[in-house]
Amino acid sequence: MRKRLFHMILVVCVLAAVLGTGISYYRFVSKAIYEESTSHLLEIYSQANRSLHNMVERNWKNMEECIPYLRDIEDEAAIESYIREVQEKEGFTEFYFISQDGTYLTLTGEKGYLDMKKQLAKLVVERKPIVVNAVLFQSPELIVFAVPAEPGSYRDFPYEAIAISFDSRNLMSTLEISAFNGSSRSYIAYGDGRVFADNAQDRENSIYNFIAILESKSDMSDEKVDKIRQDFQNGVIGAASFRTEKDEYYLIYEPVEFEDWMVLGLVPTRVVNASMNRLQTVTLIMVACIAVIFGTALMAIVIGKNRRSLEKRIQKFCIGKNCSACCPTMWMIFF
Amino acid sequence: MRKRIIAIFVVMMLLGCLPACGRGEHEDNESNSITMYLWDFSMTKELTPWLEEKFPDINFEFVVGYNTMDFYSYLEERGELPDILTCRRFSLNDAAGLKERLMDLSGTELVGTFYTSYIENNRDTDNAIKWLPMCAELDGIIANQDVFDAYNVPIPTNYREFADACRIFEENGIGGFYNDYAEDYSCLEAMQGCAIPELMSLEGTSWRMQYESETVDGTTALDEQVWPVVFDKFEQFLKDTYVMPEDINRSFHDSKALFIDNRLAMFRGTVSDCAVLRMENGKNTVILPYFGETEDDNWLLTYPIFQVAVNSAVEQDDGKKKNIMRVLEAMFSEEGQRRAASGNFVLTYNKTVEIELEENLTFAEPCLEQNHMYQRLASTEFFAISRNVVQNMINGVYDADGAYQDFNRQLTTPKEVHAEESAYHIETGYAYTFTEHGSQAVSVVANTLRKQTGADVLIGYSSIITSSIYAGEYTEQQMNWLMNNRAALRQADMTGAQIKQVMDWLVNVKENGANPICHLNQIPVTSGMEYSMKDNGDGSYTLEEVTIDGNAIDENAVYRVNLLGNDNAIDPELFRGCPMPQEIREILEDTEGRAIDRFKAVLSEGGQPEAPTEYVTIR
């Protein structure tokens, strides 16, 4: 009876050890996969972020270079051709000459009002470059980069600054992420989580405030959301994973080092981990097999040892007695 | 013995559970009940019925209140700030007093749907966003194209052509352009409208930002460079539009009547007014901008049709907060905005909404394309001072320079902060809350008015008051806020049969499907008689009995009847589409004074409001 109990405990211990090892291994591997994946994603998005940053820098430089050109060249056709060339290269939506009151004139002669609010004074009075969001009738939201220029005139329109605009799609083209077969989504957001540019094809599933979405639609705890909120506000790089009703995702965020912009990447974990998950499963199966073989062998050794010890005791017990009848019964006790 | 102990234990457990069950149900009801105050009854045209239909799980209480922040401050003082607030007259200065009691919506997904450049206008100094702008109303000049064609006058494209058109019409005995200078908003809009390029100059916008960020008691003066030009231009505008002193009493309806009669070519109005004239009156109308020197200087004047805020108290109830966010998201969806603007909106503040231009905006299209949309400066003090100064200009009290000086003086005079004197006292308070026998507070007002007028019966079209009746002191203004300001009090001698006809008009669904009752808390109120009606379960009701002191009304007897209500909320096709029976309309006479003045008269004479009665039974 005690032997049977001993063997049962042995079996349970072996199974528990196998299970425990499996779980620990799974946790270890999952953590390793998470760290590996997020580090890989951070690398990808850092690259995209650098492209965005360079694009912004390049456009400031282009506009600065444009100013002396506008001053020196009087031929309006030449100015137009020069700007078109830069536009072709950089992909901005429109070029504007800006007057002192915020009225703009495009290269094609279209006039309108660009509502820059207090930034207008910064541009034309303080003579500092600005970036503003603007809306023109029936057009997507524009991001306008403007720099002060020497007062001049184009098509009899007096201007004091020049500007270029991007709509969100143009801006996102600099963040084109070629990995993940288009399964990833990229965003540019303000420090408070409001998204102002994304590469989403379907508007219906657009996200307008990332932090609000994490709060309301994900399994993320309040503490984790607060941490991300703080990271956004302080411009800190970070990664996280969360689950929604639809899927499980990796979130990568990184400051652009321009205004309070953040670049965000969202990729389903199954896409990022596809190969690593396969490796993890194969490894787990192999470890399980090894553990089972090892466990079985161990049990066989113990049982064999016990059997031999029992045989010895039976032999001792049978010396001088007629054991032919009792021995089978004794074996049956063991098994 | 053992069984008995178990039985006692089970009973005790059940009894213990009962209060918890009740509490759960109560909490659920509380989470599903939303009180929403409406800045104007026009919100009941399409938006509120649509919300009720869209959210059958929510019990809405829609109350038509007043279009001013002071009204909400008053409700807040009385501890009855509604869950959702709406107001058209808005400036951050005016809203500052309420901001501690409103929810910060800045971190919500909903705020993310707004264009940054628009929503930033509503950001407080502490970065919070408490008010969200609904789509924009466009204000300009409504022109009757048929009148222009009849007199062979081209539709103007700049200020000179506009002035010429006015002259030609006046020479032909036709009104060129009228404005309802009796209203403060019309004075404000006309004055700002005729000098928008100046107001949108660098100096103009810089001054405005400085003015709008001042504190409530601020004394920012008018800009010396911008505003003298504004008054000069407005003075010229008054001359060019042949404004006479009697025009200070002109109402919108005066102008509209002349316009419909083809005796007026243009008047100030909104895109919505323009659409109504097209749809209801068959006029060939178009919207023109406020004209500048050239076509490039033309601008439209805009403002959000209303702003929406949420009481911060709802944050203590997660269920309620979720429900309110659902309602807000619906209101700011494309469908919600179309309902809010009754289909006539041309400018949205949200990225999620797309708009197609309407036919009557052909002449305003260049302004829209050039983004020439000026958001009116609309602080409470600007409304009040604009009317005072503009009317003085029209009366010849002073010229442009005098107007500038006086406006500046009024604007910079430090506002005296003192508690208004208490003018009335009410001893017993009554709740607005609506039950199956009506609202106690509404009944108190109806009973008091009937007693004051000496009528046998009083019938109010809907909930005629704006809040509970509070026990305590009231200032003059607070008492004025008690009743809906559009409710007119009229009287007639009616037979019992005619009274039943009135009740049939106010309760029963019409043959064409028109339903006079848009929300349960707006069913008719009666005094001196009671009625019962059946809830048909689909938002409609059927009148059953009309009784006096429990007996069926005598159809042949004649009663002195007061009718109290706003015909415009029920008659027009665009609202309930239930016109008053002609026979009743013909016998109605106006009464002297407003209903609230009669209510106040009772209190002034030392009286107290009458006790409430159960005026309705809903089966």
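What you see is a predicted model, and the numbers here were worked out from it, not measured in a lab.

(A) The overall build of chain B, seen in detail. Within chain B, the regular secondary structure consists of 24 helices and 24 strands. Radius of gyration (C-alpha) of chain B: 27 Å, near the 25 Å computed for a compact globule of 619 residues. If you line up chain B on its principal axes, its C-alpha atoms span 100 × 60 × 50 Å. Looking at chain B as a whole, 45% of its 619 residues are labelled buried. Considering only contacts within chain B whose residues lie at least 6 apart along the sequence, 78% involve residues at least 24 apart.

(B) Molecular detail of the overall build of chain A. Each helix and strand in chain A was counted, giving nine helices and eleven strands. The buried share of chain A, reckoned over its 335 residues, is 29%.

(C) Highlighting unusual backbone geometry. Residue and element names in this part refer to chain B. Phi at N127 is positive, roughly 80°, even though this residue is not glycine. Relative to the helices and strands, N127 is located in the loop between helix 6 (116–119) and strand 4 (132–133). Residue classification places N127 among the exposed residues on the basis of 9 C-beta atoms within 10 Å. Its identity is not glycine, yet N152 carries a phi of approximately 55°, on the positive side.

(D) Geometry of the interface of chain B and chain A. Between chain B and chain A, the contact holds 25 residues from the first and 27 residues from the second. Among the secondary structure elements, those contributing two or more residues to the side of chain B that touches chain A are helix 5 (109–112), helix 6, helix 11 (202–212) and helix 17 (365–369) of chain B. The element that contributes the greatest number of residues to the side of chain B that touches chain A is helix 11 of chain B, accounting for four residues.

(E) Representation of the domain arrangement of chain B within the structure. Residues and elements named next belong to chain B. For chain B, the domain assignment lists domain 1 (33–133 + 306–340), domain 2 (137–304 + 358–412) and domain 3 (424–618). Once you take the C-alpha centre of each, domain 1 and domain 2 turn out to be 29 Å apart. Partitioning the side of domain 1 that touches domain 2 into residue classes produces five nonpolar, five polar and two charged.

(F) Focus on the environment of A313 of chain B. All names here are of chain B. Its place among the elements puts A313 in the loop between strand 10 (307–310) and helix 15 (318–331). For A313, a count of 15 C-beta atoms within 10 Å gives the class partly exposed. Once the C-alpha coordinates of A313 and W207 are considered, the two residues, 106 residues apart in sequence, prove to be 36 Å apart.

(G) Region of interest: helix 9 (residues 184–193) of chain B. Residue and element names in this part refer to chain B. Within helix 9, nine of the ten residues are buried, which leaves the element mostly enclosed by the surrounding structure. Of all the residues in helix 9, the buried ones are Y185, S186, C187, L188, E189, A190, M191, Q192 and G193. Residues of helix 9 that are buried in the fold lie against strand 5 (136–144), helix 10 (196–199), helix 12 (227–240), strand 7 (264–270), strand 9 (300–304) and helix 18 (380–394).

(H) Main features of the nonpolar core. I98, A161, I162 and L264 of chain A together with V445 of chain B are the most contacted members of the largest nonpolar core, which has 240 residues in total. In contact with A161 of chain A, not counting residues within four places along its chain, are I98, L123, V124, A146, V147, P148 and A149 of chain A.

(I) Broad picture of the sheet that holds strand 2 (residues 103–106) of chain A. All names here are of chain A. The six strands are arranged 3-2-1-6-5-4 in an open sheet whose pairing can be described as antiparallel. A single partner strand is all that each edge strand has here, and the edge strands are strand 3 (111–113) and strand 4 (130–134). Between one strand and the next, the sheet's axes are offset by a mean angle of 40°, whatever the strand orientation. Both strand 1 (residues 94–98) and strand 6 (residues 157–167) contribute to a ladder of five bridges, which runs antiparallel. The residue bridging Y96 from the neighbouring strand is A163, located in strand 6.

(J) The packing of helix 18 of chain B against helix 19 (residues 400–412) of chain B, seen in detail. Residue and element names in this part refer to chain B. Contact geometry for helix 18 and helix 19: axes closest at 10 Å, N-to-C directions at 150°. The angle between helix 18 and helix 19 places the two elements in the roughly antiparallel class. Read as a crossing pair, helix 18 and helix 19 show a hand that is right-handed. On helix 19, the residues that touch E381, I385, V389, N392 and M393 of helix 18 are A403, D406, F407, Q410 and L411. Looking at the contact of helix 18 with helix 19, its residues break down into six nonpolar, two polar and two charged.

(K) Just the domain arrangement of chain A, in detail. All names here are of chain A. Examined at the domain level, chain A breaks down into domain 1 (1–55 + 177–335) and domain 2 (73–170). Across the contact, four residues belong to domain 1 and four residues belong to domain 2. Of the residues assigned to the side of domain 1 that touches domain 2, the class counts are two nonpolar, no polar and two charged.

(L) Quick peek at the packing of helix 5 (residues 210–217) of chain A against helix 6 (residues 222–234) of chain A. Residue and element names in this part refer to chain A. One way to put it is that helix 5 packs onto helix 6 with a least axis distance of 10 Å and a crossing angle of 175°. In terms of axis orientation, helix 5 runs roughly antiparallel to helix 6. Contacts from I211, L214 and E215 of helix 5 reach helix 6 at V225, I228, R229 and F232.

(M) Highlighting the sheet that holds strand 7 (residues 185–189) of chain A. All names here are of chain A. On the basis of which strands lie adjacent, the open sheet formed by five strands has the order 8-7-11-10-9 and antiparallel pairing. In the strand order of this sheet, the two ends are held by strand 8 (195–198) and strand 9 (238–243), each with one partner. Each neighbouring strand pair of the sheet contributes to a mean axis angle of 25°, computed without reference to strand direction. Taken together, the three bridges between strand 7 and strand 8 define a ladder with antiparallel strand orientation. Residue pairing in the sheet places A189 in a bridge with V195 of strand 8. Across the sheet, helix 6 is in contact with strand 9, strand 10 (248–255) and strand 11 (262–268); its angle to strand 9 comes to roughly 145°.

(N) Inspection of the environment of M331 of chain B at higher detail. Position of M331 of chain B relative to the elements: it lies in helix 15. Sequence-wise, M331 of chain B and T453 of chain B are 122 residues apart; in three dimensions their C-alpha atoms are separated by 42 Å.

(O) Just the pairing of strand 20 (residues 541–548) of chain B, in detail. Residue and element names in this part refer to chain B. The sheet contact formed by strand 19 (residues 530–535) and strand 20 spans six bridges and is antiparallel. Along strand 20, the bridge assignment pairs S532 with E545. Between the end of strand 19 and the start of strand 20, which pair antiparallel, lie five residues, with G537 showing a positive phi angle near 80°. In terms of strand pairing, strand 20 meets strand 21 (residues 551–552) through two bridges, oriented antiparallel. Paired with T547 across the two strands is A552, which belongs to strand 21. Linking strand 20 back to strand 21 in an antiparallel pair, the connection comprises two residues, with D549 at a positive phi of about 50°.

(P) Molecular detail of the confidence of the model for chain A. Of all residues in chain A, 88% have pLDDT values of 70 or greater, and the mean over the chain is 83. No element of chain A has a lower mean pLDDT than helix 9 (residues 326–334) of chain A, at 51, and none a higher one than strand 2 of chain A, at 96.

(Q) Local environment of helix 11 of chain B. Those residues of helix 11 of chain B not exposed but buried are G204, T205 and W207 of chain B. Viewed along the axis of helix 11 of chain B, the buried residues span an arc of 160°, placing them on a single side of the element. Looking at the buried side of helix 11 of chain B, the elements it contacts are helix 3 (118–124) of chain A together with helix 10 of chain B.

(R) Focus on the pairing of strand 10 of chain A. All names here are of chain A. For strand 10, a buried count of seven out of eight residues is recorded, marking the element as mostly surrounded by other parts of the structure. When strand 9 meets strand 10, the two strands line up antiparallel, connected through six bridges. Paired with S241 across the bridge in strand 10 is Y250. With antiparallel pairing between neighbouring strands as the criterion, strand 10 and strand 11 make up a hairpin whose turn holds six residues, including E257 at a positive phi of roughly 60°.

(S) Here's a closer look at the environment of D456 of chain B. Residue and element names in this part refer to chain B. Within the secondary structure layout, D456 lies in the loop between helix 20 (440–453) and strand 15 (457–460). Each C-alpha atom, one on D456 and one on T435, is 25 Å from the other, the two residues being 21 residues apart in sequence. Aside from chain neighbours lying at most four places away, what touches D456 is G528, Y559, R560 and V561.

(T) Structural context of the confidence of the model for chain B. Residues and elements named next belong to chain B. Here chain B shows a mean pLDDT of 90. Residues at 70 or above account for 94%. pLDDT under 50 marks residues 14–23. Its contacts with residues more than four places away, or in other chains, come to zero contacts. Reported confidence for the predicted complex is 0.81 by ipTM and 0.84 by pTM.

Procedures and definitions
Residues numbered from 1 in each chain as written. Chains lettered and ligands numbered in written order. Predicted model: local features only at pLDDT ≥ 70, side-chain atom pairs only at ≥ 80, totals over all residues. Helix = DSSP H or I, 4+ residues; strand = E, 2+ residues; numbered from the N terminus. Rg over C-alpha atoms; globule rule 2.2 N^0.38 Å. Buried ≥ 20, exposed ≤ 12 C-beta atoms within 10 Å, placed from the backbone. Contact = placed C-beta atoms within 7 Å. Domains from an automatic or database assignment. Nonpolar A, V, L, I, M, F, W, Y, C, P; charged D, E, K, R; others polar. Core = buried A, V, L, I, M, F, W, Y, C linked by C-beta atoms within 7 Å. Pairing = 2+ DSSP bridges. Axes fitted to C-alpha atoms, helices over the stretch in contact; angles between N-to-C directions. Parallel < 35°, antiparallel > 145°, perpendicular 65-115°, else oblique. Left-handed = near helix turned anticlockwise from the far one by under 90°. pLDDT = per-residue confidence, 0-100. Arc of directions from axis to C-beta.

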